[in-house]
Every structure is written in structure tokens, then in C-alpha cells.
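So the chains spell out like this:
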Amino acid sequence: MKKRQILAPLSLSLLLLGACNADTENETDVDKEQTEPTENVVKEPVDKSDTTTSNDELKEEFEKEEGVSEVSLIITEDAGGFVLLDFEVTEDMKKEEAEKISKRYYERLEKEYPKHSIDIQARKSGETFVQETKEVK
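No experiment lies behind these values; they were computed from the predicted model shown.

1. Here we look at the pattern of salt bridges
Pairing between side chains of opposite charge can happen when their charged atoms approach one another.
Argument step 1. One pass over the structure, following the stated rule, counts four salt bridges.
Argument step 2. Here Asp86 ties to Arg123 by a salt bridge, and the two come within 4.0 Å at their closest N and O atoms. With Asp86 in strand β3 (residues 82-89) and Arg123 in strand β4 (residues 117-124), this residue pair connects regions lying 37 residues apart in the sequence.
Argument step 3. Given a relative accessible area of 24%, Asp86 falls into the partly exposed group.
Argument step 4. In this structure, Glu112 and Arg108 form a salt bridge, with 2.9 Å as the shortest nitrogen-oxygen distance. One end of the pair, Glu112, and the other, Arg108, are both in helix α3 (residues 95-112), four residues apart, so they sit about a helical turn from each other.
Argument step 5. Given a relative accessible area of 37%, Glu112 falls into the partly exposed group.

What follows is the structure in C-alpha cells.
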């Protein structure tokens, strides 16, 4: 009788462990199938340098503005065309001054690049301070 009392729970425990182990084996097979790496589809690197330009004359003029530093001007011809102008302003520049500068160059860029979307951002301490945008549809 003692053997039955020990054998019954032991065999029941082995059955439960076997059933649990069977489920985890199937799950690991599924996990392996789902995590297989896919092949890289891109065969040639995309070179955007042909579609990106800069207006050095405008950039130099902008750098001469009082209170302006670190000017970045990018003009793209792909996807409809974009003009991106980012610049850093000094700590003592007021928002009104930055807005005047942004507005003046926004109007100029709008005349020079009428079919481009325009985004001008003035940054102060790395944060966006003033922004002017125009989207062309």
C-alpha cells in the first residue's frame, strides 16, 4: 500500500511535467521560425547628395546677422523640394527679434524657391525658439 501511495503521486507528477515540456518545445519551434533574419532587400546604397544643395551666398549673409550662429541651410530637390533653414540664436536675443529675422528670410526663400516647402527654425540653447513653415501641396 505504501508503494501505491508513493507511486501514484510520482507518476502523476511525471505526466504533468511531460505535458508541460511538450508545450514549451512547440513554442520554441515557433519562436525560432518567427525570429529568422530576413535578407537585406536594398542592393545599392541610396545617394542623396545629387538631390541636396545649399545656397552659400544666402548662408553667408544669414551668418552675418547679429545674434545668429551655427546656420544650417539645406535645399532638396526630391519629394517635391524642401528648404530647411536652422540657426542658433544667442541667449540675449528676444523672441521678437528672432521672429523678424525668420520672417525676413522666410519671405526671401519663398520668392527664390516658390515650389518648395519651407521650414525655418530658430533655436535657443538647443530648443526650438521660433518656427516658420510653408507646405507646398
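2. Points about α3
Argument step 1. Along its 18 residues, α3 runs 26 Å from first to last C-alpha, staying within 8% of the 26 Å computed at 1.5 Å per residue.
Argument step 2. For α3, the set of buried residues is Ala98, Ile101, Ser102, Tyr105, Tyr106 and Leu109. The buried side chains of α3 occupy one side of the element, clustering within an arc of 135° when seen end-on. Residues of α3 that are exposed and point more than 90 degrees away from the buried face comprise Glu96, Lys100 and Lys111.

Here is what the cut-offs are and how they apply
Numbering of residues begins from 1 in every chain and follows the order in which that chain's sequence is written. Predicted model: local features are reported for residues with pLDDT of at least 70 only, side-chain atom pairs are reported and counted for 80 or more only, and whole-chain, interface and lining totals are derived from all residues. Excluding hydrogens and water, the side-chain figures rest on all heavy atoms present in the structure. Salt-bridge detection follows one rule: a side-chain nitrogen of Lys or Arg within 4 Å of a carboxyl oxygen of Asp or Glu. Helix and strand definitions follow DSSP, with helices as H or I runs of at least four residues and strands as E runs of at least two, each counted in order from the N terminus. Classification of residues uses two cut-offs on accessible area relative to the type maximum, computed with a 1.4 Å probe and protein chains only: under 20% is buried, over 50% is exposed, and between them is partly exposed. Expected helix span is computed as 1.5 Å times (number of residues minus one). Here, the arc refers to the directions that run from the helix axis to the C-beta atoms.

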